Amino acid sequence: MATMEGLIGLVNRIQRACTVLGDYGGDSALPTLWESLPSVAVVGGQSSGKSSVLESIVGRDFLPRGSGIVTRRPLVLQLHKTEQGMQEYAEFLHMEKKRLTDFSVIRKEIQDETDRITGRSKQISHVPIHLSIYSPNVVNLTLIDLPGLTKVAVEGQPESIVQDIENMVRSFIEKPNCIILAITPANQDIATSDAIRIARQVDPAGERTFGVLTKLDLMDKGTNALDVLEGRSYRLQHPWVGIVNRSQVDINKNVDMIAARRRECEFFSSSPDYGHLASKMGSEYLAKLLSKHLESVIKARIPGIASLINKSIGELEAELDYLGRPVAIDAGAQLYTILELCRAFDRIFKEHLDGGRPGGDRIFAVFDHQLPVALKRLPFDRHLSLQNVRKVVSEADGYQPHLIAPEQGYRRLIDSSLNYFRGPSEASVDAVHFILKEIVRRSIAETQELKRFPTLQAELAAAANEALERFREDSKNTTLRLVDMESSYLTVDFFRKLPQEVEKVGGNPSAASDDRYAEGHFHRIGSNVSSYVGMVSETLKNSIPKAVVHCQVREAKRSLLDDFYIQLGKKEGRQLAQLLGENPEVMERRQQCAKRLELYKSARDEIDSVSWS
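Predicted model, so just to flag it, every value in this text is computed and none were measured. (Residues numbered from 1 in each chain as written. Predicted model: local features only at pLDDT ≥ 70, side-chain atom pairs only at ≥ 80, totals over all residues. Heavy atoms only, no water.)

Glancing now at the environment of Cys178. Checked against the element boundaries, Cys178 lands in strand β6 (residues 178-185). Assessed through its relative accessible area of 4%, Cys178 is described here as buried. Remark: the alpha-carbon pair of Cys178 and Ser36, spanning 142 residues in sequence, is separated by 9.2 Å. Excluding residues within four positions of it along the chain, Cys178 makes contact with Ser39, Ala41, Phe172, Ile173 and Arg208. (Helix = DSSP H or I, 4+ residues; strand = E, 2+ residues; numbered from the N terminus. Buried < 20%, exposed > 50% of the residue type's maximum accessible area, 1.4 Å probe, protein only. Contact = heavy atoms within 4.5 Å.)

As structure tokens, then:
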């Protein structure tokens, strides 16, 4: 059977662990464990007595005081009940493991830490201050002190301060697990209470709101607050609690808080107005009431909290698997890890080429569209124009015109025409090269296991691109050799058929002979060369893709990282470790996930160890 202190102490320990790990309402995609745990937010207008209520609950004078906005950052105050006789002490989260026993030092540190974020101006900040107090005189409780609600901006404050404070308060109390402690001074009309107004907006049924009436001893003589305390003026689901704060004189004289509590009890027990309510009034009763309510809320929330914890554990473990486990320090294990990462990259690279992922289709587009278009755009019309054919043939004849057929003229025209094919050949090689480089880049980016290791990514990219450069040179030499081969040996059968075809067209050999040196003769030469070049173009349109795929694509699939593997085998342990140097952001994220996972598992174990009956 779990005691009340045990339940709330458990929640306090979990909240404390959340706070230490920065798991307090952060920007994580996962819901925070902190937000699922109940806590108490103290809400009230400026000078409503919020600080006095908190100090009464703690039994210590430790909060900064003054005029205007004193609380300018949320103060997350975790109270931990210790055994009787133990010394009281406090710890700030930003002063890890430093115990403070002088509560005046605590007050000054709250002020200094507030100024560190907001400066000495009257600005506010959403960044909370986390303070834990360990004392035998407190109940286990988490309280959040929020800036006092105000109606006007004073000098040094932006005009938006009124709305800024209200937005901050609302961001805390609108959470369904937040218990609202609404502080209202008794010498103020309840209808004008800022705390009740904002509490009613987020909790219209009053199920999460505890009303606290302060300064009962400062009411005008002949008046009392019974209508409020007995729930007639404004009814809540929970009873109103009256508080008598220390007077300013008591504060100035540093009157002991324990003595102040006794005076408070005497005030209620001796009051003709409130005597019948004395057992349900005062700061001690308020602390016990909140603690008891927290116990019931915790019991009701435990199934949901346990479900959130189990879900979060699963999500964190999945994220750790995604981020990868820490790298081994053994050189053999490191080499194995690197080879596994390379294989993962190589598998994705091949999927791009083979159609499992986009990329290979762009290579086909080079051969199916880019190369044919480039071949069609070659300037053969200009090169084989009548004027240029006459010029080339005449220059080839020298001082004596050809007798039967311009053999040298044909060869020069064909050779110079075939030279144009070098450009599209090289362009095809370069186009495929750049596509392969882009596929390498994308494959590295898509290899999730590599994301942890920026150094290895860079080395892989460099090695792959270096290999692709070699493949490009080989491919370029091969394709240009194909063009040169066409120039080196002409297809004889094509030309053996030409005289017969000319005679068939002309119908009279003697007529063709008479026209041998006329315009029609040079036109036929250009036409014949154009036909031959067209035949070669069709041949190259088929053979260039074969050469490019053989020399670049096939080699990239087969041996892209061969040289990298050879160099990898020569590296020492220190060099292997450098390759596996991780991205600092990934390392930090893994550490955060591991710490949160440890926290959630510890919380699960603690909850499982308690009997909730």
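Among the seven residues of strand β2 (residues 75-81), six are classified as buried, and the element is accordingly described as predominantly covered. Where β2 and strand β4 (residues 129-135) come together, seven bridges link them in parallel fashion. Bridge pairing links Leu79 to Ile133 in β4. Two elements, β2 and strand β5 (residues 141-145), share five bridges in a ladder whose sense is antiparallel. The residue of β5 that forms the bridge with Leu79 is Leu141. (Pairing = 2+ DSSP bridges.)

Right, let's get into the sheet that holds β5. Sheet strands pair via backbone hydrogen bonds, and the direction of the pair is either parallel or antiparallel. Here eight strands make up an open sheet; going across it, the order is β3-β4-β2-β5-β1-β6-β7-β8 and the pairing mixed. Two strands in the sheet have a free side with no partner beyond their single neighbour: β3 (89-92) and β8 (241-242). Two strands pair when backbone bridges link them, and strand β7 (residues 209-214) and β8 are joined in this way by two bridges, in the parallel orientation. Note that in β8 the partner of Val212 across the bridge is Val241. Of the strands in this sheet, β1 (39-44), β5, β6, β7 and β8 are in contact with helix α10 (residues 283-323), which crosses β6 at around 160°. (Axes fitted to C-alpha atoms, helices over the stretch in contact; angles between N-to-C directions.)

The subject of this paragraph is the environment of Gln578. Secondary-structure assignment places Gln578 in helix α23 (residues 573-579). Between the C-alpha atoms of Gln578 and Thr455, which are 123 residues apart in sequence, the distance is 7.3 Å.

Along the chain, the position of His238 falls in the loop between α7 (226-229) and β8. Since its relative accessible area comes to 15%, His238 is described here as buried. Reaching out from His238, the side chain makes a polar contact with the backbone oxygen of Glu207 at a distance of 2.7 Å. If we ignore the near neighbours within four places in the chain, the residues touching His238 are Gly206, Glu207, Thr209, Phe210 and His293. (Polar contact = N/O pair within 3.5 Å; in protein donor to acceptor, adjacent residues only side chain to side chain.)

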